[in-house]
Amino acid sequence: NVFFYNHTSVLFFQLAGLGFVIIGILVKFNVGQATNILPTDFSLAPILSIIIGAIVFITAFLGCCGAVKESTCMLTTYAIVLLTIFILQLAVGIYAFLQIRDKPTFNQAIHDNVEKTFNKMYQSTEANETMQVTQRFLHCCGVNSYQDYEDIKKQIPLSCCRNQHVQCPSLNNDPYNIGCAKQLQTTLEKYSQIIGGVAIGIAAAEIIGAIFGLCLASSIRNSYRRHLYA
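- Named according to an unreviewed UniProt entry, the protein chain is Tetraspanin originating from Phaedon cochleariae.
- Annotation of the protein chain in UniProt includes, under Sequence similarities (unreviewed entry), the sentence "Belongs to the tetraspanin (TM4SF) family."
- Listed under Subcellular location (unreviewed entry) in UniProt, the entry text for the protein chain is "Membrane".

So, helix α6 (residues 103-119)
Thinking step 1. If you check α6, its first and last C-alpha atoms are 24 Å apart, about what 17 residues at 1.5 Å a residue would give, namely 24 Å.
Thinking step 2. Residues of α6 that are buried include every one of Phe-106, Asn-107, Ile-110, His-111, Asn-113, Val-114, Thr-117 and Phe-118, and no others. Across the axial projection of α6, the buried residues extend over an arc of 160°, all falling on one side.

Let's talk about unusual backbone geometry
Thinking step 1. Although it is not a glycine, His-139 sits at a positive phi angle of roughly 55°.
Thinking step 2. Relative to the helices and strands, His-139 resides in the loop between α7 (125-138) and α8 (147-151).
Thinking step 3. With phi around 55°, Lys-153 is a residue other than glycine that occupies positive phi space.
Thinking step 4. You can see Lys-153 is positioned in the loop between α8 and α9 (180-229).

Section: the state of the cysteines
Thinking step 1. Counted according to the given criterion, the structure contains 2 disulfides.
Thinking step 2. A disulfide bridge connects Cys-140 with Cys-180, and the sulfur atoms are separated by 2.1 Å. Judged by the sign of its S-S torsion, about 90°, the cystine formed by Cys-140 and Cys-180 is right-handed. You can see Cys-140 sitting in the loop between α7 and α8 and its partner Cys-180 sitting in helix α9, a full 40 residues away along the chain.
Thinking step 3. Paired through a disulfide, Cys-141 and Cys-160 show a sulfur-sulfur distance of 2.1 Å. On the sign convention where negative means left-handed, the S-S torsion of about 95° between Cys-141 and Cys-160 marks this disulfide as right-handed. With a gap of 19 residues between them, Cys-141 in the loop between α7 and α8 and Cys-160 in the loop between α8 and α9 connect regions that are remote in the sequence. Like Cys-141, the residue Cys-160 is buried in the burial classification.

Remarks on the environment of Gly-66
Thinking step 1. With respect to the helices and strands, the residue Gly-66 is situated in helix α4 (residues 45-69).
Thinking step 2. Taking the C-alpha atoms as reference points, Gly-66 and Ala-217, 151 residues apart in sequence, are found 8.7 Å from one another.
Thinking step 3. The contacts of Gly-66, once residues within four sequence positions are left out, are Ser-71, Met-74 and Leu-75.

A look at the packing of α6 against α7
Thinking step 1. At a closest axis distance of 8 Å, the pairing of α6 and α7 adopts a crossing angle of 125°. The angle between α6 and α7 places the two elements in the oblique class. Viewed along their axes, α6 and α7 form a crossing whose handedness is left-handed. Residues Val-114, Thr-117 and Phe-118 of α6 pack against Ala-127, Thr-130 and Met-131 of α7.

Details of a nonpolar patch on the surface
Thinking step 1. A cluster of nonpolar side chains, namely Leu-18, Ile-22, Phe-57 and Ile-58, defines an oily patch on the protein surface of about 370 Å² accessible area.
Thinking step 2. Of all the elements in the fold, those that place two or more residues in the nonpolar patch are α1 (2-30) and α4.
Thinking step 3. Mapped onto the elements of the fold, Ile-58 is located in helix α4.

Some words on the packing of aromatic side chains
Thinking step 1. Under the defined criterion, the tally for this structure stands at 1 aromatic pair.
Thinking step 2. A ring pair is formed by Phe-118 and Tyr-149, whose centres lie 5.1 Å apart and whose planes are at 75°; its orientation type is edge-to-face. With Phe-118 in helix α6 and Tyr-149 in helix α8, this residue pair connects regions lying 31 residues apart in the sequence.
Thinking step 3. Judged by its relative accessible area of 5%, Phe-118 is buried.
Thinking step 4. Residue Tyr-149 is classed as buried on the basis of its relative accessible area of 0%.
Thinking step 5. Against the face of Tyr-122 rests Lys-154, its NZ or CZ located 4.8 Å from the ring centre.

Re α7
Thinking step 1. With 14 residues, α7 should reach 20 Å at 1.5 Å per residue; the first-to-last C-alpha distance of 20 Å fits that figure.
Thinking step 2. The complete set of buried residues in α7 reads Ala-127, Thr-130, Met-131, Gln-132, Thr-134, Gln-135 and Leu-138.
Thinking step 3. The backbone nitrogen of Glu-126 has a side-chain oxygen 3.4 Å away, supplied by the residue at the start of α7, namely Ser-124.
Thinking step 4. Within two residues after α7, His-139 carries a phi angle of roughly 55°, on the positive side.

The rules behind the values
- Residues numbered from 1 in each chain as written.
- Predicted model: local features only at pLDDT ≥ 70, side-chain atom pairs only at ≥ 80, totals over all residues.
- Heavy atoms only, no water.
- UniProt positions renumbered as here; feature names shortened; annotations may be inferred.
- Helix = DSSP H or I, 4+ residues; strand = E, 2+ residues; numbered from the N terminus.
- Expected span 1.5 Å × (residues − 1).
- Buried < 20%, exposed > 50% of the residue type's maximum accessible area, 1.4 Å probe, protein only.
- Arc of directions from axis to C-beta.
- Disulfide = S-S within 2.5 Å.
- Contact = heavy atoms within 4.5 Å.
- Axes fitted to C-alpha atoms, helices over the stretch in contact; angles between N-to-C directions.
- Parallel < 35°, antiparallel > 145°, perpendicular 65-115°, else oblique.
- Left-handed = near helix turned anticlockwise from the far one by under 90°.
- Patch = residues over 30% accessible without salt bridge, like charges linked within 9 Å, V, L, I, M, F, W, Y side chains within 5 Å.
- Areas by Shrake-Rupley, 256 points an atom, 1.4 Å probe, with all protein chains shown as cover.
- Salt bridge = Lys/Arg side-chain N within 4 Å of Asp/Glu carboxyl O.
- Phe/Tyr/Trp six-rings, centres within 6.5 Å; stacked < 30°, edge-to-face > 60°.
- Lys NZ or Arg CZ within 6 Å of the ring centre and 35° of its normal.
- Polar contact = N/O pair within 3.5 Å; in protein donor to acceptor, adjacent residues only side chain to side chain.

Okay, structure coming up:
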């Protein structure tokens, strides 16, 4: 039974690790420009996802090899690495929770970053692309509203338009009303809860996987001793 559950947990971690890598790559390459508008702690998330996913996948492969070859060294290493990843995830999770829990500071940091990018929009190509992608992806406009463009006497860009094939404002094609600072805050709060729930589930699975790995290693060690003294 321990052998079966260990293999099941290894397969789960391989899929989870692969999932982390794929999600990190998709976010980095598909909305990579949009992540530039985030504070440094959040913009590093796709890279961390790829790194953690790769480590989890390699660790699961190590556990699989250890179970097949009945190597107590590999299984013990597998369990220790899982426990280490669990501790790191716990530390990062607590840090992220404290950052988001301090809502005024969190919202101000988001607002400042969006405003900084917006102010550089017509001086920097990178800032312009970041703002355009953010507006298109989050369905928002400007820092606080589309009026930010009117304040600096600039035409509202197509990325702010509900119908992005027609310049706005025009008949039946008003720009998005909500500013990108507010929309980004709402989106991060929403998805942080989902990510937190998934992270808790994976952390619990890591503890169980580490226990099964140690139990299997102990079982193999005891079996070897019985054969040795038989």
